[in-house]
Amino acid sequence: MEFAEVVRRRRMVRNYDPDRPVPPEVVDRLLEHAVRAPSAGFSQGWGFLVLEDAADRARFWSATSPKDPEQGMSTWLTGMSRAPLIVVPHSNRSAYLDRYAEPDKGWTDRDAARWPVPYWDVDAGMAALMMLLTAVDEGLGACFFGIPPERTATYREEFGVPGEFVPVGALTIGYRAPDRRSPSLKRGRRPQTEVIHRGRWSG
């Protein structure tokens, strides 16, 4: 598929065919492309938890879903839980602080205040985007979503995630089943004249 077409077709998919697993070679390509994402100082501080087994995926949803019985499972979450593949990208701040304290970077300490933004999270997010685009190119659907903060500790314990790794979100991936488009799309895309500023922001 042409790259422009991949970008045009990319959208968050919230319902999947549970009877069509993602082929192993496609899973490998998704991960190969993820680690080709930009990485500050080539720190590569990310880590990816890949869940393909049905029991592992069920554990994920149990660990990360709200426990309030009145909330139940929303319609979109029911569709998401049918995905045959879940990938959770994590960031590792320590890997970046260590890398930039090395001689070739010139910093002599690990002070996080030196960083204008948390590039460890940015890089993990770009790795997630690489997987979203690869999914489209492979004829799959995918969705990136957050793990509720109040469920992060349970998720960590369930899957043995080391303390230095922070989940920046999760991706469901699989073959699309009929789903409705997000109501948020009714807002429309903001025109470029509102979001792109050439030469100077204003005034």
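From a predicted model like this one, the values you see are computed outputs, not experimental measurements.

**Regarding the packing of aromatic side chains**
Phase 1 of the analysis: Under the definition given, this model contains 13 aromatic pairs.
Phase 2 of the analysis: When the ring of Phe60 is compared with that of Trp61, the centres are 5.1 Å apart and the planes differ by 80°; the resulting orientation is edge-to-face.
Phase 3 of the analysis: Looking at Phe60, the relative accessible area reads 0%, which means it is buried.
Phase 4 of the analysis: Using a relative accessible area of 7% as the deciding quantity, one classes Trp61 as buried.

**So, the side chain of Ser43**
Phase 1 of the analysis: Secondary-structure assignment places Ser43 in the loop between α2 (24-34) and β1 (47-51).
Phase 2 of the analysis: Looking at Ser43, the relative accessible area reads 13%, which means it is buried.
Phase 3 of the analysis: The contact partners of Ser43, leaving out residues within four places of it in the chain, are Ala95, Tyr96, Arg99 and Tyr100.

**Details of the packing of helix α3 (residues 54-64) against helix α7 (residues 152-159)**
Phase 1 of the analysis: Where α3 meets α7, the closest approach of the two axes is 8 Å, and the angle between their N-to-C directions is 155°. Between α3 and α7, the angle is such that the two are roughly antiparallel. The crossing of α3 and α7 is right-handed. When α3 is examined against α7, the residues Asp56, Arg59, Phe60, Ala63 and Thr64 are found in contact with a partner set consisting of Thr154, Tyr155, Glu158 and Phe159.
Phase 2 of the analysis: Its residues assigned to classes, the contact of α3 with α7 comprises four nonpolar, two polar and three charged.

The rules behind the values
- Residues numbered from 1 in each chain as written.
- Predicted model: local features only at pLDDT ≥ 70, side-chain atom pairs only at ≥ 80, totals over all residues.
- Heavy atoms only, no water.
- Phe/Tyr/Trp six-rings, centres within 6.5 Å; stacked < 30°, edge-to-face > 60°.
- Buried < 20%, exposed > 50% of the residue type's maximum accessible area, 1.4 Å probe, protein only.
- Helix = DSSP H or I, 4+ residues; strand = E, 2+ residues; numbered from the N terminus.
- Contact = heavy atoms within 4.5 Å.
- Axes fitted to C-alpha atoms, helices over the stretch in contact; angles between N-to-C directions.
- Parallel < 35°, antiparallel > 145°, perpendicular 65-115°, else oblique.
- Left-handed = near helix turned anticlockwise from the far one by under 90°.
- Nonpolar A, V, L, I, M, F, W, Y, C, P; charged D, E, K, R; others polar.

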